[in-house]
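# Observations on the three-dimensional arrangement
Single-letter residue listing:
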Amino acid sequence: NGQYVDEVGGGRNGNRPDGVCDICYQPSYNHQWEQITVEEGHDFQTRLAAAKSAIQSFLNSYAKNEDGTFYNSPRMISIVIYNASAAKLDLSKESGKQYWVNVSNPNALEYVLNQVEKIELGDYWDGSTNTDAGMAAAADLLDTRTYSNAIGNIDNRFAILLTDGEPTTNSS
């Protein structure tokens, strides 16, 4: 149902020079997070907005039963945002380094949903996308030797990866 709108020159009508965005008509050096998706009967949505919406939907379904009540067992999540390098999203309410949160706690879920909503293009955008770095950061987070106190005995744990675009570089 959704349709991708090509944002780099040539797009829908083929009448724009290469390197010019078909949506905003500005030079398009890297629109990865800004690419527009179109859903039938819906407004335009940036790729970043679509990714944040997907994360929020996943978090709500992961934290709650089908009847909308929260699970009794811990449901741990962590978020990695990557571009040229990777960053583990600090999910602490105060300054600190808390990378795992139990979203089966209603207050924690609300906090994480708000943190995801606050992610902005300028915070993490870079000219390249290093998927290796994002995967390495996620692997580190999922390593129970590193985070044994947070996730050591918990079966339900996910590291969510959010990127600025398609892979363009790697660590090797």
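Residues numbered from 1 in each chain as written. Predicted model: local features only at pLDDT ≥ 70, side-chain atom pairs only at ≥ 80, totals over all residues. Heavy atoms only, no water.

### A few points about the pattern of salt bridges
We apply this condition: Salt bridges are identified by distance alone: a Lys or Arg side-chain nitrogen within 4 Å of an Asp or Glu carboxyl oxygen. Strands here are runs of E lasting at least two residues and helices are runs of H or I lasting at least four, both read from the DSSP assignment and numbered beginning at the N terminus. Each residue is placed in one exposure class: buried if its accessible area under a 1.4 Å probe, protein chains only, is under 20% of its type's maximum, exposed if it is over 50%, and partly exposed if it falls in between.
Scanning the entire structure with this criterion turns up two salt bridges. Note that D140 and K88 form a salt bridge whose closest N and O atoms lie 2.4 Å from each other. Pair noted here: D140 is in helix α4 (residues 131–142) and K88 is in strand β5 (residues 86–88), with a separation of 52 residues, a long-range link. The partly exposed category is assigned to K88, whose relative accessible area is 26%. Here D143 makes a salt bridge to R145, at a shortest N to O gap of 2.9 Å. Residue R145 is classed as exposed on the basis of its relative accessible area of 71%.

### Notes on the packing of aromatic side chains
Rule in force here: Aromatic rings from Phe, Tyr and Trp, taking only the six-membered ring of Trp, are treated as a pair when their centres fall within 6.5 Å; an angle between ring planes under 30 degrees marks them as stacked, one over 60 as edge-to-face, and anything in between as tilted.
Taken as a whole and judged by the stated rule, the model has four aromatic pairs. Between F58 and Y62, the ring centres sit 5.3 Å apart and the planes meet at 15°, which makes this aromatic pair stacked. Of this pair, F58 and Y62 both sit in helix α1 (residues 47–63), separated by four residues, roughly a single helical turn. Its relative accessible area of 28% is what places F58 among the partly exposed residues. Measuring from ring centre to ring centre gives 6.3 Å for Y99 and Y147, while their planes differ by 90°; the resulting arrangement is edge-to-face. Here Y99, found in the loop between β5 and β6 (101–102), pairs with Y147, found in the loop between α4 and α5 (148–151); they are 48 residues apart in sequence, far enough to count as distant. One exposure class covers both Y99 and Y147, and it is buried.

### Comments concerning the side chain of Q56
Basically, it comes down to this: Contact between two residues is taken to exist if any of their heavy atoms lie within 4.5 Å; hydrogens are not considered.
By secondary structure assignment, the location of Q56 is in helix α1. Classification of Q56 by relative accessible area gives buried; the value is 18%. If we ignore the near neighbours within four places in the chain, the residues touching Q56 are L113, V116 and E117.

### Observations concerning α1
Heads up, the rule is: Here, expected helix span is obtained from the residue count minus one, scaled by 1.5 Å. The directions considered for the arc run from the helix axis to the C-beta atoms.
The terminal C-alpha atoms of α1, which comprises 17 residues, lie 24 Å apart, in line with the 24 Å expected from a rise of 1.5 Å per residue. Inspection of α1 places L48, K52, I55, Q56, L59, Y62 and A63 among the buried residues, and these make up the whole buried set. Projected onto a plane normal to the axis of α1, the buried residues spread over an arc of 135° and lie on a single side.

All we've got here are geometric facts, nothing functional implied.
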